[in-house]
Amino acid sequence: MTFMNNNANIKQFQLIKFINENCSDDHVISKISIVLRRDKIEAPYYMDTKIRLSSCIDMPDNGIIHAMNILNHNRMHNLTEEKYDEIKSVIVDIFDVKNESDQVKIFKEDKRLKIVLMSKNDEEFMNLFNEYGELFEKIDNLID
């Protein structure tokens, strides 16, 4: 990864998967937000991804001992209409209103689609990658 020229590229979902697989803390909490919009004049096809990872150690009798932010990452994408439609299609195919749960929240509007994925431990986090890996890979591959 080179920071001093235009070759810098961080694959965001690969990064958070790497952190999860190499972190010894079992209580890594994640919140992933993906927003697709087509209501901006200057960028008619737009996607915003936000990823937040936190770690906490808790005790059943004493509550949380400490919490620490590991990563707070935001990436904004101006998309072509073709890429926008492709990602939207994947989201629509994967997420259905029936799939909404404590881990998955879906917000649909006419010109905006928002998906929020949350996990409270390593097992839930890996389940998110197993279930939604195709979407994460498509988003990571927007940046070559």
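Novice: Explain the packing of aromatic side chains residue by residue, including any values.
Specialist: A full pass over the atoms with the stated rule returns 4 aromatic pairs. Three or more aromatic residues joined by ring pairs make a cluster, and in this case those are Phe 13, Phe 125, Phe 129 and Phe 136. Geometry around Phe 107 places Lys 114 over its ring, the cationic atom sitting 5.8 Å from the centre.

Novice: Give me the lowdown on the pattern of salt bridges, citing residues and values where you can.
Specialist: As enumerated under the stated definition, the model contains 5 salt bridges in all. Between Lys 138 and Glu 86 there is a salt bridge whose closest N-O contact spans 3.0 Å. Taken together, the residues Lys 138 in helix α3 (residues 122-140) and Glu 86 in helix α2 (residues 81-94) connect sequence positions 52 residues apart. Given a relative accessible area of 28%, Lys 138 falls into the partly exposed group.

Novice: Just give me the short version of the pairing of strand β1 (residues 28-37), but keep the residues and values in it.
Specialist: Among the 10 residues that make up β1, 7 are buried, leaving the element largely enclosed by the rest of the structure. Across 8 bridges, β1 lies against strand β5 (residues 112-119) in antiparallel orientation. Considered in β5, the bridge of Ser 33 is made with Val 116.

Cut-off values and rules
Residues numbered from 1 in each chain as written. Predicted model: local features only at pLDDT ≥ 70, side-chain atom pairs only at ≥ 80, totals over all residues. Heavy atoms only, no water. Phe/Tyr/Trp six-rings, centres within 6.5 Å; stacked < 30°, edge-to-face > 60°. Lys NZ or Arg CZ within 6 Å of the ring centre and 35° of its normal. Salt bridge = Lys/Arg side-chain N within 4 Å of Asp/Glu carboxyl O. Helix = DSSP H or I, 4+ residues; strand = E, 2+ residues; numbered from the N terminus. Buried < 20%, exposed > 50% of the residue type's maximum accessible area, 1.4 Å probe, protein only. Pairing = 2+ DSSP bridges.

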